[in-house]
Amino acid sequence: MSNSPFISSEVYDIDVGINTIDDLIETYRRIGGFQGRYIAEAADVLLNMYNDLNTTVFLSFTANLISTGLRGLIAKFIERGFADVVITTAGTLDHDIAKSMGGKYYQSYFDVDDVEMSKSGIHRIGNVAVKKEHYGPLIEKFVHSSLEELSRVKEEWGVRELLWEMGKRIDDEYSILRAASRARVPIYVPGFVDGAFGTAILTYNEMQRTRTGGRQVRVDVLKDEHELMDIVYSSKSLGALIVGGGISKHHVIWWSQFAGGLDYVVYITMAIEWDGSLSGARPKEAITWGKVKPTARQAFILQDATVVLPILIPYIVKKVGFRKGIRVIG
């Protein structure tokens, strides 16, 4: 049976001797089922990717994760060189800025009375909560004050340029923007207007428009796309850790097709594929678009990222240490 196409390695029973992250990954490798096995496979793909010095690594994640304590874990992962490019969604900017400006987030519940919660002045993100005054007003104040300074430097900016500059103005060791700015890792947010950050740019410009001689800030959306194009075309090999779905996931694989597809890829999601959505699509579907190479090392984990990342990231960091990333922007 060892040569059968229907089986791979043997399933082993385990005992209670799981004391380290290494023990846990090895346990996942040996027990055979069900999603734990794919966490071990993902760890192998990521180690191969990070040990390939010619691979430009994309890190993609959705904003909901930044409302949780995973924000700090991801920021430190970026600081340690494990992302050459970050692509995320608009809410990442909102949550990151709000927290950096002193906004407090709290554990809540999925099953609450949302009408009463709203009356109490609280926003809900799944089972995480934030008071309204700790969100929008803090974001707008920070963005407006930053733009007031940056408008004196020049009138037109790319989004990535703005984010690096704003990262310099944040004094929070767990900030995603601060980490990206300090590590010179470009952070791209193709849907940046879909949140408080983008709206704050709009309201700043509207305020300036009504003032005599007020400086507005123009955003060159395609400047970021030109940078991404240059990064992809100049890369010898491409890899990606993609957490969640939506526009951040698609933007990574969309650009990867122009370089022949990803050579390494790990997807982590809880979305199903049966509705035909991009968020639930497996890596093998991306092969049909040329976004993932047929020969790519790949892994797919159907699991909550808040369960997987606190296992997977410390394991990778322990094995690799500090990665010297590829500088893709001067």
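Calculation rules
- Residues numbered from 1 in each chain as written.
- Predicted model: local features only at pLDDT ≥ 70, side-chain atom pairs only at ≥ 80, totals over all residues.
- Heavy atoms only, no water.
- 1 Å grid on protein atoms, 1.4 Å probe; cavity = no way out; pocket = protein on both sides within 12 Å on 5 of 7 lines; lining within 4 Å.
- Points joined across faces, edges and corners; volume = space filled by probe spheres on them.
- Helix = DSSP H or I, 4+ residues; strand = E, 2+ residues; numbered from the N terminus.
- Nonpolar A, V, L, I, M, F, W, Y, C, P; charged D, E, K, R; others polar.
- Phe/Tyr/Trp six-rings, centres within 6.5 Å; stacked < 30°, edge-to-face > 60°.
- Buried < 20%, exposed > 50% of the residue type's maximum accessible area, 1.4 Å probe, protein only.
- Lys NZ or Arg CZ within 6 Å of the ring centre and 35° of its normal.
- Pairing = 2+ DSSP bridges.
- Contact = heavy atoms within 4.5 Å.
- Axes fitted to C-alpha atoms, helices over the stretch in contact; angles between N-to-C directions.
- Arc of directions from axis to C-beta.
- Polar contact = N/O pair within 3.5 Å; in protein donor to acceptor, adjacent residues only side chain to side chain.

Some details on empty space enclosed by the protein
Summed over all chains, the structure comprises 1 cavity of 30 Å³ or more. Each pocket or cavity is described by its volume, and for the largest cavity that value is around 30 Å³. Taken together, L59, F61, I74, F77, L241, V243, L309 and I313 make up the full set of residues lining the largest cavity. Elements represented by at least two residues in the lining of the largest cavity include exactly β1 (55-61), α3 (70-79), β9 (237-243) and α13 (305-320). The class makeup of the residues in the lining of the largest cavity is 8 nonpolar, no polar and no charged.

Looking at the packing of aromatic side chains
The final tally for this structure, using the stated rule, is 5 aromatic pairs. Each ring, one from Y50 and one from F77, has its centre 6.2 Å from the other, and the planes form 85°; the classification is edge-to-face. You can see Y50 sitting in helix α2 (residues 36-51) and its partner F77 sitting in helix α3, a full 27 residues away along the chain. With a relative accessible area of 2%, Y50 lands in the buried category. For F77, a relative accessible area of 2% translates into the label buried. An aromatic cluster is built from Y50, F77 and F82, whose rings are joined through pairwise contacts. Above the face of the W157 ring, K154 is positioned so that its terminal group lies 4.7 Å from the ring centre. The cationic tip of K291 hangs over the ring face of W289; the distance from NZ or CZ to the ring centre is 4.6 Å.

Brief notes about the sheet that holds strand β2 (residues 85-88)
What the 6 strands build is an open sheet, ordered β7-β2-β1-β9-β10-β11; its pairing is parallel. Looking along the sheet, the strands with just one partner apiece sit at the ends: β7 (187-188) and β11 (292-302). Pairing analysis gives 7 bridges linking strand β10 (residues 262-269) to β11, with the strands arranged parallel. Across the sheet, I268 pairs through a bridge with I301, a residue of β11. Its contacts with the sheet put α2 on β1, β9, β10 and β11, and the angle it makes with β11 is roughly 135°.

Focus on helix α1 (residues 21-31)
Within α1, the full set of buried residues consists of I25, T27 and Y28. Viewed along the axis of α1, the buried residues span an arc of 155°, placing them on a single side of the element. Positive backbone phi, at 90°, marks G32, one or two positions downstream of α1.

Describing the layout of surface pockets
Put simply, the largest pocket is a space of about 390 Å³. Taken together, 20 residues make up the lining of the largest pocket; nearest its centre are N64, L65, D304, A305 and T306. Considered class by class, the residues forming the lining of the largest pocket number 8 nonpolar, 11 polar and 1 charged. Here the second largest pocket is characterised by a volume of approximately 210 Å³. G81, A183, K324, G325 and R327 are the residues nearest the centre of the second largest pocket, which is lined by 16 residues in total. Broken down by class, the residue content of the lining of the second largest pocket amounts to 8 nonpolar, 2 polar and 6 charged.

Remarks on the side chain of D263
Along the chain, D263 falls in strand β10. Note on D263: relative accessible area 18%, which makes it buried. At 2.8 Å, the side chain of D263 forms a polar contact with the side chain of K293. Setting aside residues no more than four positions away along its own chain, D263 makes contact with S237, L238, K293, A296 and R297.

Side note on helix α8 (residues 176-183)
With 6 of 8 residues buried, α8 lies mostly within the body of the structure. Among all positions of α8, only I176, L177, R178, A179, A180 and S181 are buried. The secondary structure elements touched by the buried residues of α8 are β1, α3, α4 (90-100), α7 (159-168) and β7. Here α8 starts with a cap whose side-chain oxygen sits 3.3 Å from the backbone nitrogen of L177, and that cap is S175. Of the residues flanking the end of α8, it is R184, one or two places downstream, whose phi is positive at about 55°.

By themselves, these are just geometric observations and shouldn't be taken as functional.
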